[in-house]
Amino acid sequence: DRIYYAEVVLFGINLLIIVLCWWNNSFSQRLLSVGMVVFTYKAALDPFLPYLMFSKDEGNYHLYLPIILIILISGLILHIVVLVKWINSLRPKTGNGRKSKVKKGSKHLILFPVIFLLTALTTLVIKNGILGDYELVFGVFIITIVYLGLLIGACEFIIAMYCVFRYPSFSVKNFNLK
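Residues numbered from 1 in each chain as written. Predicted model: local features only at pLDDT ≥ 70, side-chain atom pairs only at ≥ 80, totals over all residues. Heavy atoms only, no water.

Novice: Which residues make up the overall build of the chain, and what values go with them?
Specialist: Helix and strand counts for the chain stand at 6 helices and 0 strands. Across the 178 residues that make up the chain, the buried fraction comes to 26%. A sequence separation of at least 24 residues applies to 78% of the contacts in the chain between residues at least 6 apart. For the chain, the exposed area adds up to about 13,500 Å²; of that, 71% sits on carbon and sulfur atoms. (Helix = DSSP H or I, 4+ residues; strand = E, 2+ residues; numbered from the N terminus. Buried < 20%, exposed > 50% of the residue type's maximum accessible area, 1.4 Å probe, protein only. Contact = heavy atoms within 4.5 Å. Areas by Shrake-Rupley, 256 points an atom, 1.4 Å probe, with all protein chains shown as cover.)

Structural data, given as structure tokens:
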């Protein structure tokens, strides 16, 4: 039941940020950078609410709640580990100063067909009812992957938020562009 309260609090914070960001100034930019981070956390938690409600409707709430709590806690631990590693990789390295000139290829070209194939397979599995009674478990698996991806992506928003607050050069100077 606490996940419902966390969702309400995150939704309230998002509404408050929308109401407070009507002016073009540095305060609004800072508040919006905080809002990006809060909204990403909210978007990561959103898919779990319907599954908890569906499991409550089916009478399996007591089975799914511990699994979802374990997923949420392990995702939070992964998020913290990735954030710490990302921050440590941004610090300047003190060494002999030699850099490797080997150019790494882009993995995005390979990643697009894989994502397309997985999306097509997921659509076929759900549409044809192949899983039967295990569709809810399959859905939890899918939203877990999305949850972990959003938490890893939130690390970039946190670093951007830190830069907006810490370094004045990241702040937009001229808000009245025409």
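Novice: Give me the packing of helix α3 (residues 48–58) against helix α4 (residues 61–90): which residues, what numbers.
Specialist: Axis separation between α3 and α4 bottoms out at 8 Å; the angle between their running directions is 160 degrees. Relative to α4, α3 is oriented roughly antiparallel. As for how α3 packs across α4, the hand of that crossing is right-handed. The segment α3 lies against α4, with Phe48, Leu52, Ser55 and Lys56 engaging Tyr61, Tyr64, Leu65, Ile68, Ile71 and Leu72. By residue class, the composition of the contact of α3 with α4 is 8 nonpolar, 1 polar and 1 charged. (Axes fitted to C-alpha atoms, helices over the stretch in contact; angles between N-to-C directions. Parallel < 35°, antiparallel > 145°, perpendicular 65-115°, else oblique. Left-handed = near helix turned anticlockwise from the far one by under 90°. Nonpolar A, V, L, I, M, F, W, Y, C, P; charged D, E, K, R; others polar.)

Novice: Mind laying out the packing of α3 against helix α6 (residues 135–166), listing which residues take part and the relevant values?
Specialist: In a pair of packed helices, the angle between the axes and the distance between the axes together describe the arrangement. Between α3 and α6, whose axes approach to 10 Å, the crossing angle comes to 160 degrees. For the element pair α3 / α6, the angle class is roughly antiparallel. As α3 packs across α6, the resulting crossing turns out to be left-handed. Taken together, the residues of α6 that come into contact with α3 (itself represented by Phe48, Tyr51, Phe54, Ser55 and Glu58) are Leu136, Gly139, Val140, Ile143, Thr144 and Tyr147.

Novice: Quick one: what's the story with the nonpolar core, residue by residue and with numbers?
Specialist: Counting 17 residues, the largest nonpolar core has Phe48, Leu72 and Tyr147 as its most contacted members. Broken down by secondary-structure element, the contributors of at least two residues to this core are α2 (26–45), α3, α4 and α6. In terms of nonpolar packing, the next biggest core, distinct from the first, is built from 7 residues, Val37, Leu83, Ile158 and Cys163 among them. (Core = buried A, V, L, I, M, F, W, Y, C linked by side-chain atoms within 4.5 Å.)

Novice: Can you explain the pattern of salt bridges? Please cite residues and give values.
Specialist: If the charged atoms of two oppositely charged side chains come close together, the side chains can form a pair. Scanning all chains against the criterion turns up 1 salt bridge. Between Asp46 and Lys42 there is a salt bridge; the shortest N-O distance is 3.1 Å. Here Asp46 falls in the partly exposed class, since its relative accessible area comes to 28%. (Salt bridge = Lys/Arg side-chain N within 4 Å of Asp/Glu carboxyl O.)

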